[in-house]
Amino acid sequence: MLDRLAARQAPWDMVVIGGGATGVGVAIDAASRGFAVLLLEAQDFGKGTSSRSTKLIHGGVRYLEQGNISLVMEALKERGLLRQNAPHLVHDLAFIVPNYSWWEAPFYGIGMKVYDLLAGKYGFGRSRILSAEETIERLPNLQTDGLRGGVVYYDGQFDDTRLLIHMAATAADHGATLLNYAPVLEIARDEDGFANGVVCRDQESGRQFSVSARVVINATGMFADKVRRMTDPQAKKMIAPSQGIHLVFERSFLRADAAIMVPHTSDGRVLFAIPWHGHTVVGTTDTPIQEPSYEPLPFEEEIDFILDTAARFLSRPPTRKDILSVYVGIRPLVKAEGDGGEKTSALSRDHTIHIDSAGLITIVGGKWTTYRHMAEDCVNHAITLGRLDDVACPTRSLKLHGYYDSPDELGDLWVYGADAAGVKAIAAADPALLAPMHPSLTYCTAEIIWAVRHEMARTVEDVLARRTRALFLNAAAAISLAPSVAEIMARELGYGQAWVDHQVKDFQALAQHYLVQ
Ligand SMILES: Cc1cc2nc3c(=O)[nH]c(=O)nc-3n(C[C@H](O)[C@H](O)[C@H](O)COP(=O)(O)OP(=O)(O)OC[C@H]3O[C@@H](n4cnc5c(N)ncnc54)[C@H](O)[C@@H]3O)c2cc1C
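Residues numbered from 1 in each chain as written. Predicted model: local features only at pLDDT ≥ 70, side-chain atom pairs only at ≥ 80, totals over all residues. Heavy atoms only, no water.

> Break down the site of the ligand for me, citing the residues and quoting the values.
Every one of the 35 residues lining the ligand counts as a neighbour, but E41, S50, L56, Y294 and T369 are closest to it. Between T54 and the ligand, the recorded distance is 3.0 Å, taken from a backbone N or O atom to a nitrogen atom. The backbone of L56 places a nitrogen or oxygen atom 2.7 Å from a nitrogen atom of the ligand. Within the complex, the protein chains bury 95% of what would otherwise be the 1000 Å² of accessible surface of the ligand. Sorting the residues of the shell around the ligand by element identifies α2 (21–32), β11 (239–250) and β16 (325–334) as the ones contributing at least two each. Examining the composition of the shell around the ligand, we find that three residues originate from one element, β16, more than from any other. (Near = heavy atom within 4 Å. Polar contact = N/O pair within 3.5 Å; in protein donor to acceptor, adjacent residues only side chain to side chain. Areas by Shrake-Rupley, 256 points an atom, 1.4 Å probe, with all protein chains shown as cover. Helix = DSSP H or I, 4+ residues; strand = E, 2+ residues; numbered from the N terminus.)

Right under this line is the structure:
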């Protein structure tokens, strides 16, 4: 990738800043339309918000209640397209809304029917009202005191960074050049003040590159205002950052294949308890914050709030010592014009495309589920602005890298789809490389080697946080895996003991943030 960057003399059609769901989505769209596209990510793909979601590909039941029908319909359609194009990474999940009051079954029953209706031909399964017995059968760990029944509906679930890595591979398969650890430092401008390139740095070598481009796209999520100020130092803030936390527990807290959806928490939000990679994930919160950062910390009240709410719905209430990991993400919510101090849960979840007087395109907001539609919209704008050929967008039916329609047969390697064969091939001569590296996690040595060779993993954190999800599932287990992961990576990358020591120290310091005392 670096050689390609260094070799290119002609301007790129598009340079995309930011390697989260939004930026990588734009890179796929642009590359699959035949444009020359370069994507630059300051840290690792998914280091920002895109690794920290609730892991749902969903229409958003909450937005339905807010009356944002078009957002729900769009998301439901994208949900259907994503399952069609990436069945190895997006699957159906049953969600049950437990009912403890007489009015809840008809109320949520009707709401979910509307949700089914809006999905139309992209539906995932019919919602249904359940008796108390059926509800307990499907959710044996549910708090049964006062339970009247439930409503089951269907949505999608995924592994956010695994999808992102497969998306980056899809963009690369279509000719895009993508680099991680390559921050954009400046946006270059022509004599008329029009953005015509960027200056970026390869973090590992320290080498700087001046890159020219017809169009520059800012897809930096919560950091979008900082990048906008590279062309317009007076730019007013667009982003109202809001953080959300998730707590991860053992699977035994939710011994079920279905998730629990709590439609109204005490602060009027939605809370989910979902089965994920053999664990239980519970979240999320919505707390306005002042400044975005890569490793935000959970507030004590957020942890207490999730524990208290979970205790109302789970027969065995989880406590602080049951928390295996806590992860925090920042929503890049777009402020309303002239916005004062609006509650962030009421701010728009739609995406926004903003073009400044230097022609910098900024795309922010939206959600993981709608990345494809956001990318289509953004590239359409880029085509007009850059006077590029008007090529139609092919991504509605574009299969994502690793497409595999029966992932269940791949066992623990299901998240790799067709690439699972490559992971297994690494262990052909030594089947021990497929053995779990830790008793609490399924990850094996062959996956580490695969991540370094084929998925641009450069640090222990890349492997333990985003190529595998060890850090998000069990922070203590991830800490204990760090030394062996560093050794394996050093062998692959040709680094010595100093690199290993440094990596282990860095990772162990970072992982402290995912532990709760
Ligand atoms: C708690 C929470 C739960 C969520 N749950 C869901 C869910 O279940 N389903 C769903 O559909 N959506 C969900 N979302 C929303 C979804 O996660 C986000 O909309 C999406 O991840 C935003 O992606 P992004 O690419 O815009 O931002 P990011 O993922 O933050 O990517 C921006 C990237 O830009 C990079 N960058 C910044 N500055 C520079 C620079 N100068 N040079 C190069 N790169 C730079 C950053 O390093 C970062 O990687 C959730 C969000 C949160 C916070």
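Let's pick the thread back up.
> Account for the layout of surface pockets, naming residues and giving values.
Considering only enclosed or pocket space, the second largest pocket measures out at about 710 Å³ in volume. Every residue lining the second largest pocket is counted, 38 residues in all, and those nearest its centre are H91, W276, H277, G278 and W414. Listing elements by their share of the lining of the second largest pocket, those giving two or more residues are β4 (90–99), β6 (149–158), β13 (271–276) and β20 (441–444). Take the lining of the second largest pocket: its biggest share by element is five residues, from β4. Classifying every residue of the lining of the second largest pocket gives 17 nonpolar, ten polar and eleven charged. (1 Å grid on protein atoms, 1.4 Å probe; cavity = no way out; pocket = protein on both sides within 12 Å on 5 of 7 lines; lining within 4 Å. Points joined across faces, edges and corners; volume = space filled by probe spheres on them. Nonpolar A, V, L, I, M, F, W, Y, C, P; charged D, E, K, R; others polar.)

> Break down empty space enclosed by the protein for me, citing the residues and quoting the values.
Summed over all chains, the structure comprises four cavities of 30 Å³ or more. Approximately 90 Å³ is the volume attributed to the largest cavity. Around the largest cavity, the lining residues are G25, I28, D29, L81, L82, N85, Y371, R372, A375, T395, L398 and L400. Of all elements in the fold, only α2, α4 (69–85) and α10 (371–385) reach the threshold of two or more residues within the lining of the largest cavity. Its boundaries defined by the atoms lining it, the second largest cavity holds a volume of some 50 Å³. As for the second largest cavity, its lining consists of I260, V262, L271, A273, V282, T309, A310, F313 and L314.

> Tell me about the packing of helix α15 (residues 475–493) against helix α16 (residues 497–511), and name the residues and values.
Interhelical geometry of α15 versus α16 gives an angle of 155° and a closest axis separation of 9 Å. As far as their axial angle goes, α16 and α15 are roughly antiparallel. Like other packed secondary-structure pairs, α15 and α16 cross with a definite hand, here right-handed. In contact with A475, A478, I479, A482, P483, A486, E487, M489, A490 and L493 of α15, α16 contributes Q497, W499, V500, V504, F507, Q508 and A511. For the contact of α15 with α16, a count of residues per class yields 14 nonpolar, two polar and one charged. (Axes fitted to C-alpha atoms, helices over the stretch in contact; angles between N-to-C directions. Parallel < 35°, antiparallel > 145°, perpendicular 65-115°, else oblique. Left-handed = near helix turned anticlockwise from the far one by under 90°. Contact = heavy atoms within 4.5 Å.)

> I'd like to hear about the confidence of the model for the chain, residue by residue, with values.
For the chain, per-residue confidence averages 95 on the pLDDT scale, and 97% of positions sit at 70 or higher. Segment residues 338–342: pLDDT under 50, and two contacts once partners within four positions in sequence are set aside and those in other chains are kept. (pLDDT = per-residue confidence, 0-100.)

> Give a description of the nonpolar core that names residues and reports values.
Within the largest apolar cluster, 114 residues are counted, with the highest numbers of intra-cluster contacts made by M14 and L471. At eleven residues, the largest contribution of residues to this core is made by α15. L471 has contacts with S325, L464, A465, A478, F507, L510, A511 and Y514, leaving out every residue within four places of it along the chain. The next biggest cluster of nonpolar side chains, apart from the first, holds 30 residues, and it includes L130, L139, F253 and A273. (Core = buried A, V, L, I, M, F, W, Y, C linked by side-chain atoms within 4.5 Å. Buried < 20%, exposed > 50% of the residue type's maximum accessible area, 1.4 Å probe, protein only.)

> Now, about the environment of W102: what can you tell me, with residues and values included?
With respect to the secondary-structure elements, W102 resides in the loop between β4 and α5 (104–119). C-alpha separation for the pair W102 and R148, spaced 46 residues apart in sequence, amounts to 7.1 Å.

> Quick rundown of unusual backbone geometry? Include the residues and the values.
A cis amide bond, omega 20°, links G283 with the succeeding residue T284. Along the chain, T284 falls in the loop between β14 (279–283) and β15 (287–288). A positive phi angle, near 70°, is found at K55, a position not held by glycine. Secondary-structure assignment places K55 in the loop between β2 (37–40) and β3 (56–57). With relative accessibility at 0%, the residue K55 sits in the buried group. The phi dihedral of Y181 is positive, around 50°, even though this residue is not glycine. Position of Y181 relative to the elements: it lies in the loop between β7 (177–179) and β8 (184–189).

> Describe the pattern of salt bridges, with residues and values.
Under the defined criterion, the tally for this structure stands at 29 salt bridges. Taking the shortest distance from any N to any O, the salt bridge between D44 and R466 comes out at 2.7 Å. You can see D44 sitting in the loop between β2 and β3 and its partner R466 sitting in helix α13 (residues 460–467), a full 422 residues away along the chain. Considered together, D44 and R466 belong to a single accessibility category, that of buried residues. The salt bridge involving D286 is made with R331; its shortest N-O contact spans 3.5 Å. You can see D286 sitting in the loop between β14 and β15 and its partner R331 sitting in strand β16, a full 45 residues away along the chain. Like D286, the residue R331 is buried in the burial classification. Through salt bridges with shared partners, one network takes in D44, K47, R52, E295, E461, D462, R466 and R467. (Salt bridge = Lys/Arg side-chain N within 4 Å of Asp/Glu carboxyl O.)

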